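Given next are the chains, with one letter for each unit.
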Amino acid sequence: MKKPYPSSEPGLIPDNEEADDGDASASPERQCAVTRERLPKEAMIRFVLSPDNVVAPDIAARLPGRGVWVAAERRHVDTAAAKGAFARGFKGAVTVPEGLSDLTERLLVKRCVELLGLARKAGLAIQGHDQVRDALRGKEPAFLLEASDGAEDGRNKVYFLAKAIYSDVKVAGALSAQELGMAFGRDRVIHGLVRRGAIAKNWEIAYRRLTGFRAAPELDWFPEPDR
């Protein structure tokens, strides 16, 4: 479920890496500071330095200056923090805040919530069991949204209705009902849907990154080959 990452498109993933790679600034790949593997930027997290030399996640990859890229997995961020990868990447003494991977996860959740909020305002995201069921009979969605703490019976009904209509159904289940509610201006949301479009592509990138830091329960909810 976590891979492949969607391909970046102009305007979706800003590239501000002039200080990082010189002539390679337009490259869609970066080298992980931990594994040394070159990966698509969509599969990585960019880190920058604050004015007082504190390492900080740059989730949207928009901040100026030198960046250090790490594969979007908690274990790699933890290794980078513990093994001096940030000091090597920034070529000097840096301060790595305690709980950097937890901070990264929180910022990724914030990014996911913000993108869903944008989709809602644009009429491209809806919530509610009946509303989602009705929408499934229209155009194929980009994603079904199911709260990680929602009831099994309800999500199964929505999912298998979608599977009866469409061959490829993507489900995102790593956000809680409260987190989904934040995106829709409600206390809690259990079922939702994101329609296809540029916002959905950015949402998928953010969500794939998030699932490197917290479990993706949808992988266990539905048996193969139904997933």
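Source: prediction; values computed, not measured.

Cut-offs and rules
Residues numbered from 1 in each chain as written. Predicted model: local features only at pLDDT ≥ 70, side-chain atom pairs only at ≥ 80, totals over all residues. Heavy atoms only, no water. Pairing = 2+ DSSP bridges. Helix = DSSP H or I, 4+ residues; strand = E, 2+ residues; numbered from the N terminus. Axes fitted to C-alpha atoms, helices over the stretch in contact; angles between N-to-C directions. Contact = heavy atoms within 4.5 Å. Phe/Tyr/Trp six-rings, centres within 6.5 Å; stacked < 30°, edge-to-face > 60°. Buried < 20%, exposed > 50% of the residue type's maximum accessible area, 1.4 Å probe, protein only. Expected span 1.5 Å × (residues − 1). Salt bridge = Lys/Arg side-chain N within 4 Å of Asp/Glu carboxyl O.

S.K.: I'd like to hear about the sheet that holds strand S3 (residues 44-49), residue by residue, with values.
M.R.: Spatial strand order, S4-S3-S5: 3 strands in an open sheet with antiparallel pairing. The two strands at the open ends of the sheet, each matched to only one other strand, are strand S4 (55-58) and strand S5 (68-71). Taken over all neighbouring pairs, the strand axes of this sheet differ in orientation by 40° on average, direction set aside. In the sheet, S3 pairs with S4 via 4 bridges, with the strands oriented antiparallel. In the strand pairing of S4, Arg 46 is matched with Asp 58. Along the sheet, helix H2 (residues 74-82) contacts S3 and S5; its crossing angle with S5, the most-contacted strand, is approximately 135°. Relative to S4, helix H4 (residues 100-121) is tilted by about 25°, and along the sheet it contacts S3 and S4.

S.K.: Could you give an account of the packing of aromatic side chains, with specific residues and numbers?
M.R.: Evaluation of the coordinates by the stated rule reveals 8 aromatic pairs. Ring centres of Phe 143 and Trp 203 lie 6.2 Å apart, and the angle between their planes is 90°; on these two criteria the pair is classed as edge-to-face. With Phe 143 in strand S7 (residues 143-146) and Trp 203 in helix H8 (residues 198-210), the pair connects residues that are 60 residues apart, well separated along the chain. When its relative accessible area of 1% is taken as the criterion, Phe 143 is described as buried. Taken together, a centroid distance of 5.4 Å and an interplanar angle of 25° make the contact between Trp 203 and Tyr 207 stacked. Taken together, the residues Trp 203 and Tyr 207, both in helix H8 and 4 residues apart, mark about one turn of the helix. Residue classification places Tyr 207 among the buried residues on the basis of a relative accessible area of 0%. Each member of the aromatic cluster is reached from another via a ring pair, and the members are Tyr 159, Phe 160, Trp 221 and Phe 222.

S.K.: So, the sheet that holds strand S8 (residues 171-172): which residues are in play, and what are the values?
M.R.: The strand order across the open sheet built from 4 strands is S6-S9-S7-S8, with neighbouring strands paired in mixed fashion. Either end of the sheet is taken by a strand with one partner, and the two such strands are strand S6 (125-127) and S8. Of the strand pairs in this sheet, S7 and strand S9 (residues 191-194) are connected by 4 bridges, and their pairing is antiparallel. Note that in S9 the partner of Phe 143 across the bridge is Val 194. This element, helix H6 (residues 152-165), spans S7, S8 and S9 of the sheet and lies at about 170° to S7.

S.K.: Let's hear about H4: which residues, and what values?
M.R.: The periodicity of an α-helix, 3.6 residues per turn, causes residues three or four places apart in sequence to face the same way. Here H4 contains 22 residues, and its C-alpha end-to-end distance of 32 Å stays within 8% of the 32 Å for a straight helix at 1.5 Å per residue. Backbone geometry just after H4 places Gly 123 at a positive phi near 75°.

S.K.: Go over unusual backbone geometry with me, naming the residues and quoting the values.
M.R.: For Ala 61, which is not glycine, the phi dihedral falls at a positive 55°. With respect to the secondary-structure elements, Ala 61 resides in the loop between S4 and S5. Although it is not a glycine, Lys 91 adopts a positive phi angle of roughly 60°. On the secondary structure map, Lys 91 appears in the loop between helix H3 (85-90) and H4.

S.K.: Outline the pattern of salt bridges, listing residues and values.
M.R.: Per the stated rule, a full pass over the model turns up 14 salt bridges. The residue Glu 105 makes a salt bridge to Arg 74 at a minimum N-O spacing of 2.4 Å. Within this pair, whereas Glu 105 is found in helix H4, its partner Arg 74 is found in helix H2, the two being separated by 31 residues in sequence. Taking the relative accessible area as the measure of exposure, Arg 74 reaches 23% and is therefore partly exposed. Members of the salt-bridge network, linked through shared partners, are Arg 74, Asp 102, Glu 105, Glu 179 and Arg 214.

These values are about where atoms sit, not about what they do.
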